[in-house]
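Now for the letters of each chain:
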Amino acid sequence: MSFNIAIDGPAGAGKSTIAKKLAAKLSFLYVDTGAMYRAMAYYFLTHGISADDEDALCAACHDIQISLGYAAGSQKVFLNGTDVADQIRREEVGNMASATSGYPFVREKLLRLQQKLAKENDVIMDGRDIGTCVLPDARLKIYLTASVRTRAMRRYKELAEKGQDCDPAEIERDIEARDYRDMHREIAPLKAAADAITLDSSEMTVEEVVEEIYRMVCGTEKGNTAHETVH
């Protein structure tokens, strides 16, 4: 039986970075659900489809094929056969993904693939509703969070290191807006699963978070299922 780990949390909490490192440490398959939603959002944007045009969005879903791959240690995200891993990390793509991910036809498009991967492999999957909707039977569920200010500064640093001109205050406003949308959407809103362990990474390094979750995995394998909040 496969061992599944669900990591949920708001934008900028470090879910993807943590999940990638933890997957490598455990030799698990990392499934970046956020990248899948971003790939769909990128398609919508590049085809001039508005986030409010439900009919056009639904029709476009039939023309979208998404798959994941790895090369030289980095993840590849293929949209209709083309790697778009770099393009989907732009802020406007993330905002579009947040605005469209609540549509049931968008979620259904990706849900079956995600659950099939989890059934056939030991996986670490991160997103907004993994523990509550996608993998409700995951052996370990983590709700990874951090303060809005911390998340905004992390994102600012990431973009600045790539040479992109950005405003920390604008990034913080975008994160707050995305938090609200994600937490209040009608379908599969962002929230911690009832049996998830909340981990606040505001004052923790990436390595400290990875080691903390690794400790939880070892405890789960030994039958320790106690739930807690970690700061």
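Structure: see above.
Quick caveat: nothing in here was measured; it's all calculated off a predicted structure. (Residues numbered from 1 in each chain as written. Predicted model: local features only at pLDDT ≥ 70, side-chain atom pairs only at ≥ 80, totals over all residues. Heavy atoms only, no water.)

So, the pattern of salt bridges
Between side chains of opposite charge, a pair can form when the charged atoms approach closely. Following the criterion strictly, the structure yields 16 salt bridges and no others. Between Glu120 and Lys116 there is a salt bridge; the shortest N-O distance is 3.1 Å. Of this pair, Glu120 and Lys116 both sit in helix H5 (residues 104-120), four residues apart, roughly one helical turn. Arg149 is the salt-bridge partner of Glu172, the closest N and O atoms lying 2.9 Å from each other. Residue Glu172 is found in helix H8 (residues 168-184), and its partner Arg149 is found in helix H7 (residues 148-161); the two are separated by 23 residues along the sequence. Take Glu172: its relative accessible area is 18%, and that puts it in the buried class. We classify Arg149 as exposed; its relative accessible area is 52%. (Salt bridge = Lys/Arg side-chain N within 4 Å of Asp/Glu carboxyl O. Helix = DSSP H or I, 4+ residues; strand = E, 2+ residues; numbered from the N terminus. Buried < 20%, exposed > 50% of the residue type's maximum accessible area, 1.4 Å probe, protein only.)

Focus on the nonpolar core
With 37 residues, the main nonpolar core has Met40, Phe44, Ile66, Val106, Met125 and Leu135 as its most contacted residues. Considering every element that reaches this core, the biggest residue donor is helix H2 (residues 33-46), with nine residues. Excluding anything up to four places from it in sequence, Ile66 contacts Met36, Ala39, Met40, Phe78, Leu79, Leu110 and Leu113. In terms of nonpolar packing, the next biggest core, distinct from the first, is built from 23 residues, Phe3, Ile124, Leu144 and Leu199 among them. (Core = buried A, V, L, I, M, F, W, Y, C linked by side-chain atoms within 4.5 Å. Contact = heavy atoms within 4.5 Å.)

A closer look at H7
With 14 residues, H7 should cover 20 Å at 1.5 Å per step; its first-to-last C-alpha distance of 20 Å lies within 8% of that length. For H7, the set of buried residues is Thr150, Arg151, Ala152, Arg155 and Leu159. As for H7, its buried residues are in contact with helix H4 (91-100) and H8. After H7 finishes, the residue Gly163 shows a positive phi value of roughly 80°. (Expected span 1.5 Å × (residues − 1).)

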